[in-house]
Amino acid sequence: MVFRAQSPFCSRTTSQPGDAIKPSIYRIGLTLAALLLFTPLTWANDKTASLADLVARIKSIGLKGEGYPAAVAAQKELSSQGPEALLPLLDAMEGASPLAMNWLAGAFDTIADRSLRAGAVSQESGAGIPAVAFEKVLLDRTRSATPRLLAFEWLVKVDPAAQDRLIPGMLDDPSADFRRLAVARLIAAADASKDDAERLDFWKKGLSGATDEDQVKVLVDHLKAAGVTVDLARHFGYLLEWNLIGPFDNSGREGFAKTYPPEASRDLAVPLQGREGEVKWEPFTSTDKMCEVNLIPIFKNYRDSLAYAVTNYKAAKAGPAQVRLTTPNAWKVWVNGKLVFARDEYHRGSMFDQYVIPVTFQEGNNEILLKICQNEQTEDWAQKWFFKVRITDSSGKAILPAE
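Our subject in this report is the structure included herewith. Not measured: the values here are computed from a predicted model.

Moving on to the overall build of the chain. From N to C terminus, the chain includes 14 helices and 12 strands. For the chain, the residues scored as buried account for 50% of the 403 residues in total. Pairs at least 24 apart in sequence give 73% of the contacts found in the chain among residues at least 6 apart.

See the structure below:
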């Protein structure tokens, strides 16, 4: 799953990828503060450690708490540093795990807040908030999103004009958060404009950078009212063409763990034994306006059942990408025969980009196989058996298949 830090400048109304595991920098900061108060610190008096040593201790903390006491003490010591530690901390966030990133961000915020309240603002001397250096950090698109967002957050506290100066040029930024800010400005500009042609231009320009569902909906609604048709499937990068087979037995929810023939090989011409007799792969193209593949009308007797869907995604070049899946059902995903993620959970809701799965595609055809399981529940809200999949880069922008 992907962690994407969220800026307090960005007010997202839709759920974001990795919500189940995504910590808020500020919530984590409060948690760390509590830990610092109540945790015995055997390392707390180590005043001789260098900043690099302290950072290394935080970066070495494991997901199961390995190195935790040392990291807590290091975070406390880091938080006591002066403003000269701000830039090194931003640098240290590169390559850090999401957990370490939040610990480092907590220390960064503490230092920045103390520096700001002290009123020591200097762009050159190294004292206070280093505005010029922060601007360089946020404009460096090769850096990861979190340090850039933190630099931006604190830059605008000492240089409010930075928003108007910088955000309009970030419509194509690799950070979804910066793009969101740029899109929001265009939507606001269109709302304020009295000129139809100017509003249309703002909406079209905004859509070119929009990837958040709520912003896209606003822009598409305006464009539709203006007579402009938008291909949402293409804009988001949804995969519409699949081959489907099923139903297979999922009684007692045991089918999730079973290995049915489609998981072993996929000859689309060969019939297989399904739950109620012989079944075969059938092509299916979604025409749903939300790009969903609804399995209920296809497989009728759907309770206690599971089905498979397979497609080929032709990548223009080899490299990293993300499979973004939405489904309320239990599921597994394989890419080129390798299981890349699974979740045995039913009807806990569905949302845009519900699951974000990092993958690496090879150049040319890449097989994507899904296993979508429905359970025995009879409640009205549990009568959902669907999925939708889109392919994106790490910021959520569609990566369209090669022609």
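What follows is about the pattern of salt bridges. Two side chains carrying opposite charge are able to pair once their charged atoms lie near each other. Scanning the model with the defined rule gives 20 salt bridges in all. Among the salt bridges present, the one from D159 reaches R165, with a minimum N-O distance of 2.9 Å. Judged by its relative accessible area of 42%, R165 is partly exposed. A salt bridge links R343 to E345; the nearest nitrogen and oxygen atoms lie 3.3 Å apart. Linked by salt bridges that have partners in common, R141, R148, D172 and D173 make up one network.

Moving on, we come to the packing of helix 6 (residues 131-139) against helix 7 (residues 145-158). At a closest axis distance of 8 Å, the pairing of helix 6 and helix 7 adopts a crossing angle of 145°. Seen along the crossing, helix 6 lies across helix 7 with a hand that is left-handed. Note on element contacts: helix 7 touches helix 6 through P147, R148, A151, F152, W154, L155 and V158, opposite A131, F134, E135, V137, L138 and L139. When the residues that make up the contact of helix 6 with helix 7 are grouped by side-chain class, the tally is 11 nonpolar, no polar and 2 charged.

Pairing is antiparallel across the open sheet formed by 4 strands, whose spatial order is 5-12-7-10. Each edge of the open sheet carries a strand with a single partner, namely strand 5 (293-294) and strand 10 (355-361). In this sheet, strand 10 lies alongside strand 7 (residues 319-326) in antiparallel orientation, the contact comprising 7 bridges. Bridge pairing in strand 10 links R324 to V356.

Turning our attention to the nonpolar core. Judged by nonpolar contacts, the single largest core of 62 residues is most densely connected at L104, F108 and F134. With 9 residues, helix 5 (residues 98-117) is the largest single contributor of residues to this core. Residues within four places of F134 in sequence aside, it is in contact with L86, L87, L90, F108, I129, A151, W154 and L155. Listed in part, the 29 residues of the second largest apolar core include I296, Y313, I368 and V389.

This paragraph deals with helix 3 (residues 68-79). Between the first and last C-alpha of helix 3 there are 16 Å, a value that for 12 residues agrees with the 16 Å anticipated at 1.5 Å per step. A large share of helix 3 lies buried, amounting to 9 of its 12 residues. Turning to helix 3, its buried residues are A70, A71, V72, A73, A74, Q75, E77, L78 and S79.

Following G246, the chain continues into P247 via a peptide bond in cis, with omega recorded as 0°. The topology assignment puts P247 in strand 1 (residues 241-249). Of note, the phi angle at D304 is positive, near 60°, even though the residue is not glycine. Relative to the assigned elements, D304 resides in the loop between helix 14 (296-299) and strand 6 (305-315). Residue D304 is classed as buried on the basis of its relative accessible area of 18%.

Counting across every chain of the model gives 12 aromatic pairs. Considering the side-chain rings of F248 and Y308, the 5.6 Å spacing of their centres and the 75° angle between planes classify their relative orientation as edge-to-face. One end of the pair, F248, is in strand 1; the other, Y308, is in strand 6, with 60 residues separating them in the sequence. For the pair formed by F248 and Y308, the shared burial category is buried. Ring geometry for W331 and Y355: centres 4.8 Å apart, planes at 50°, overall tilted. Placement of W331 in strand 8 (residues 330-335) and of Y355 in strand 10 is noted, with a sequence separation of 24 residues between them. Clustering of aromatic rings is evident, with ring pairs tying together F236, Y238 and F352. Here the basic side chain of K157 rests over the ring of W154, its NZ or CZ set 4.8 Å away from the ring centre. One Lys or Arg, K332, reaches over the ring of F256 and ends 4.7 Å from the middle of that ring.

Relative to the elements of secondary structure, S208 occurs in helix 10 (residues 196-209). In this structure the C-alpha to C-alpha distance between S208 and V183, which are 25 residues apart in sequence, comes to 8.8 Å. Among residues more than four places away in sequence, those in contact with S208 are L171 and K397. Polar side-chain contacts of S208 include one of 2.5 Å to the backbone oxygen of K205.

About the thresholds
Residues numbered from 1 in each chain as written. Predicted model: local features only at pLDDT ≥ 70, side-chain atom pairs only at ≥ 80, totals over all residues. Heavy atoms only, no water. Helix = DSSP H or I, 4+ residues; strand = E, 2+ residues; numbered from the N terminus. Buried < 20%, exposed > 50% of the residue type's maximum accessible area, 1.4 Å probe, protein only. Contact = heavy atoms within 4.5 Å. Salt bridge = Lys/Arg side-chain N within 4 Å of Asp/Glu carboxyl O. Axes fitted to C-alpha atoms, helices over the stretch in contact; angles between N-to-C directions. Left-handed = near helix turned anticlockwise from the far one by under 90°. Nonpolar A, V, L, I, M, F, W, Y, C, P; charged D, E, K, R; others polar. Pairing = 2+ DSSP bridges. Core = buried A, V, L, I, M, F, W, Y, C linked by side-chain atoms within 4.5 Å. Expected span 1.5 Å × (residues − 1). Phe/Tyr/Trp six-rings, centres within 6.5 Å; stacked < 30°, edge-to-face > 60°. Lys NZ or Arg CZ within 6 Å of the ring centre and 35° of its normal. Polar contact = N/O pair within 3.5 Å; in protein donor to acceptor, adjacent residues only side chain to side chain.

Function cannot be read off these values alone, since they describe shape.
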